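Letter by letter, the chains look like this.
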Amino acid sequence: MIRIGIDVGGTNTDAVIMDGARVIAGVKSSTTADVMSGVVNALKAVLDASAMKAADIDVVMIGTTHFTNAVVQRRDLAPTAAVRLGLPATASLPPMVDWPEDLKAVIGNHVFMAHGGNEFDGRPISALDEDELRGIAAEIRARGIRSIAVTSVFSPVSGEAERRAGEIFAEAVPGAHVTLSSEIGRIGILERENAAIMNACLRDLSAHVIAAFRAAIAESGIAGRFYLTQNDGTLMDAAFAEKFPVLTFASGPTNSMRGAAFLSGVADAIVVDIGGTTSDVGSLYKGFPRQATMAVEVGGVRTNFRMPDVFSIGLGGGSHVVDEGGDVRIGPASVGYRLVTEALIFGGATLTTSDIVAAAGRAGFGDRSKVAHLAPEFLDRARKKMMAMLEDCVERSRLSPEPLPVIVVGGGSILVDGPIGSLQVIKPDHFAVANAVGAAIAQVSGEVDRVYSLSGASRDEALSDARRRATEAAIAAGAAADTIEIVDVEDVPLSYLPGNATRIRVKAVGELDVR
Amino acid sequence: MSAEKGYVLTEADLLPLSIGAALLGTGGGGNPYYGMLRLRELMRNGAAIRILPLDALPDDAMVGTVGSIGAPVIGIEKPPEGRETYRAMRAVEEACGVKMAGLIAAEIGGANAMSPMIAAVHAGLPVIDGDGMGRAFPEVQMSTFSIYGGREGLAAMADDKGNVVVVRKAVSGRWMERFLRSVVVDMGAGAGAAGAPMPMSFLREAAIPATVTQAIEIGRTVLEARAGRRNVIERVVDKTRGKLFFTGKIVDVRRELKGGFVRGEAVVSGIDACSGSEARIAIQNENLVLWIDGQAKITVPDLIMNLELDTGEPITTEMLRYGQRVAVIGMPAHRLLKTPKALEVVGPAAFGYPELTFEPLGAER
């Protein structure tokens with residue numbers, strides 16, 4: 001299978017071509033404002049570099065920050081109706097109660113609450129009132145809104161109320177696209193609802209962006225299918241991505257960590273991705289990034305997405321270096337992409353981390369004579385300081401006492417010299433385009449998050465039911481059944497409930513089925 | 001009510017209150033985030049909440065407790081209708097034929113710090129600055145109100161649908177706990193509850209004083225230290241008159257479910273000044289015992305608070321996981337929790353550690 005992986009970042013669009021597990025070529029080019037031409041350029045550059053033909057490409061995988069940036073920058077968002085099912089419960093906290101006012105203003109404060117929803121054990125809170133929902137639909141139509149998010153209490157346990165409400169809205173509001181919260185998030189109603197609303201307000205944009213990707217691929221002469229990567233490092237096909245743009249949030253760091261695992265052949269490790277301004281550190285478990293356990297904010301909105309637990313520090317290839325006598329101060333200020341004009345080794349006037357590395361003869365770029373005046377004693381202190389900063393954040397990301405290796409990727413990887421603390425360092429080939437590699441190798445997943453009552457069933461029975469459901473979800477998402485593996489099982493007993501209720505979360509992943 | 005006493009809560013007090021309440025929750029008590037949002041909504045719609053010191057109301061004024069009970073997961077998936085605790089409170093008034101003059105928290109630690117404030121908005125009553133624990137405990141009979149005999153065995157529970165159940169008479173706190181627990185499951189594992197009113201003359205003796213204000217001040221300390229990039233842990237230690245016992249990284253968390261409670265243990269490997277030492281923290285819903293290198297250093301009812309080392313964010317027992325860097329702060333419990341009578345109910349033996357003797361931390365507050 002010949003595949004292309006593309007990572008569309010804010011500044012760079014990186015692309016790689018892979019033949020099976022082998023990287024044939026990797027390129028970096030600039031991201032463009034119109035999305036499409038940047039992708040066309042990257043595709044052309046990587047095809048040229050690999051000397052392969054467009055017709056040879058089976059599949060294209062794209063990771064993009066476009067939708068995250070749209071929410072963060074409050075642009076291209078559609079007016080959206082947020083409908084909650086659960087009355088009389090939940091009335092004390094209406095939808096969007098914790099949103100920043102500016103974002104609420106951009107998508108309009110179109111909030112509706114209706115009857116329906118379930119208790120933790122599946123009993124209805126109140127009967128779904130179809131007339132009430134048709135009344136809300138008429139109001140939505142009258143306001144000229146076409147993006148609708150529906151959230152029902154305990155829908156991850158029982159999704160029927162959301163499904164029926166969705167049908168009613170689809171029928172009554174012509175051209176509407178409806179997002180159901182149970183298709184996106186897990187238990188935790190405000191966070192799940194927030195994700196559903198953000199998804200709904202991105203639907204117009206996603207139609208546009210996915211069409212641009214499709215056109216770029218067609219223009220390059222590639223006939224293969226294309227996919228987008230999700231925040232958990234797995235794939236969704238273009239049609240699914242168009243419906244669930246919110247699932248692309250945070251796919252950037254995920255892709256670079258997955259790429260690092262793949263390029264190094266190590267599945268359990270700490271990954272350090274060093275860019276121009278920051279280093280992002282996270283940990284890999286069975287080849288996937290460890291996810292954050294606390295609520296993650298996107299554009300000021302709390303969500304409970306499956307986000308990698310990444311810790312960032314202000315240390316990159318362009319970080320300022322200041323000698324303060326005893327101590328050396330490094331970052332967080334950085335010359336960023338102006339490194340090639342502002343660093344000493346390029347004739348500039350700012351002492352950067354790259355200058356320190358170049359003075360030791362380890363950079364492989366720039367004019368080393370321009371940093372010959374730096375005292376060896378100072379260089380030694382600066383180098384030790386950089387390594388101490390990295391050691392500190394690697395230590396924070398360690399999730400077990402085992403001596404895991406550290407995989408270093410990203411354009412700023414030259415900063416790393418020798419082991420980090422007591423941990424072995426791996427710098428794989430193609431480290432600069434690890435994010436595009438991560439997109440290219442993405443797999444397909446299925447996840448389940450349910451509350452089980454263990455009074456009727458044993459814990460083992462509940463776990464195997466959850467495993468079965470996760471596996472089915474992975475196959476439905478396009479995984480080849482014989483490659484599916486359960487990669488994560490979490491089982492949290494719920495206090496205060498007799499009957500031993502427990503919340504079980506299981507994730508299954510498999511290779512993309514291309515047959 | 002004398003108008004010059006106490007103060008009116010502002011929106012700016014809510015975030016500090018939620019942080020302080022979470023810290024005093026000593027790992028339990030539930031997440032106050034949703035409660036904070038509810039209060040903010042009510043305030044933005046014009047509600048004013050007056051906090052009164054313990055000496056404000058006359059001796060014969062009757063003050064009741066309210067709170068939410070149930071599993072924390074219900075709180076994050078099915079937020080209340082809003083008037084559950086208010087309906088429970090009215091049912092108690094009706095059952096005992098007494099009008100309440102104010103409300104007080106049974107538990108300042110965690111989500112229930114906000115419950116009386118929310119019910120007070122609906123009832124138009126003031127909230128008394130104090131509570132029955134000065135922290136969080138898992139069971140209703142573990143409050144000073146029960147320990148010192150101020151409560152009659154009367155309580156009411158209300159759900160989001162309008163159902164109200166009154167327990168007219170429970171012969172002990174344990175019986176009450178049992179009844180409330182079985183009703184709460186039928187109500188969807190979450191409900192509003194109200195207890196029997198108590199005269200102010202009793203509360204002045206039996207309530208832990210000024211804990212609402214204390215929670216707000218602790219929260220402010222955390223926020224100010226963060227904003228000024230100061231050492232959050234040091235500031236919290238100062239403010240709580242506590243002591244930093246241990247800093248380290250969590251290397252193991254074990255949990256099991258026993259009788260409806262999560263029991264477990266977190267193992268912390270020392271860093272910085274504690275390098276080479278190992279701490280263990282017994283957790284039920286709350287942090288119960290701290291051992292350092294095998295020696296018990298803090299036990300209930302003294303407070304054991306786990307803070308995220310860099311941000312000072314309180315870590316609940318449900319959030320504990322491998323790799324977290326924590327500061328363990330000990331804070332002396334109020335003297336009302338340390339009498340022989342109180343220790344029978346909230347001492348180490350009551351939580352299943354009969355082999356441990358309660359050795360109070362110094363500097364009583």
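For the structure itself, look to the data block above.
This part covers the interface of chain A and chain B. Listed by partner, the interface residues are 45 residues for chain A and 43 residues for chain B. Approximately 3,900 Å² of surface area, both sides summed, lies buried where chain A meets chain B, with 59% of it carried by carbon and sulfur atoms. In this structure, the connection of chain A to chain B is made through five salt bridges. Taking the shortest distance from any N to any O, the salt bridge between Arg44(B) and Glu101(A) comes out at 3.8 Å.

For any pair of aromatic rings, the description rests on two quantities: the centre-to-centre distance and the angle between the ring planes. For the structure on display, the rule yields six aromatic pairs over all chains. Measuring from ring centre to ring centre gives 5.8 Å for Phe346(A) and Phe365(A), while their planes differ by 10°; the resulting arrangement is stacked. Of this pair, Phe346(A) sits in the loop between helix 10 (339-342) and helix 11 (353-359) while Phe365(A) sits in the loop between helix 11 and helix 12 (376-397), and the two are 19 residues apart along the sequence. Using a relative accessible area of 29% as the deciding quantity, one classes Phe346(A) as partly exposed. Between Arg290(A) and the ring centre of Tyr285(A), over which it is positioned, the NZ or CZ distance is 4.7 Å. Against the face of Tyr33(B) rests Arg302(A), its NZ or CZ located 3.7 Å from the ring centre.

Moving on: the sheet that holds strand 6 (residues 110-115) of chain A. Residue and element names in this part refer to chain A. The strand order across the open sheet built from four strands is 6-5-7-8, with neighbouring strands paired in parallel fashion. On the outer flanks of this sheet lie strand 6 and strand 8 (177-180), each paired with one strand and no other. Between one strand axis and the next, the sheet turns by 20° as a mean value, whatever way the strands run. Against the sheet, helix 5 (residues 160-172) engages strand 5 (80-87), strand 7 (147-152) and strand 8, with an angle of about 155° to strand 7. Together, strand 5, strand 7 and strand 8 form the strand contacts of helix 6 (residues 189-201), whose direction differs from that of strand 7 by roughly 165°.

Scoring rules and cut-offs
- Residues numbered from 1 in each chain as written.
- Chains lettered and ligands numbered in written order.
- Predicted model: local features only at pLDDT ≥ 70, side-chain atom pairs only at ≥ 80, totals over all residues.
- Heavy atoms only, no water.
- Contact = heavy atoms within 4.5 Å.
- Buried area = accessible area lost by both parts, 1.4 Å probe.
- Salt bridge = Lys/Arg side-chain N within 4 Å of Asp/Glu carboxyl O.
- Phe/Tyr/Trp six-rings, centres within 6.5 Å; stacked < 30°, edge-to-face > 60°.
- Helix = DSSP H or I, 4+ residues; strand = E, 2+ residues; numbered from the N terminus.
- Buried < 20%, exposed > 50% of the residue type's maximum accessible area, 1.4 Å probe, protein only.
- Lys NZ or Arg CZ within 6 Å of the ring centre and 35° of its normal.
- Pairing = 2+ DSSP bridges.
- Axes fitted to C-alpha atoms, helices over the stretch in contact; angles between N-to-C directions.

Functional significance is not addressed by these values, which are geometric in nature.
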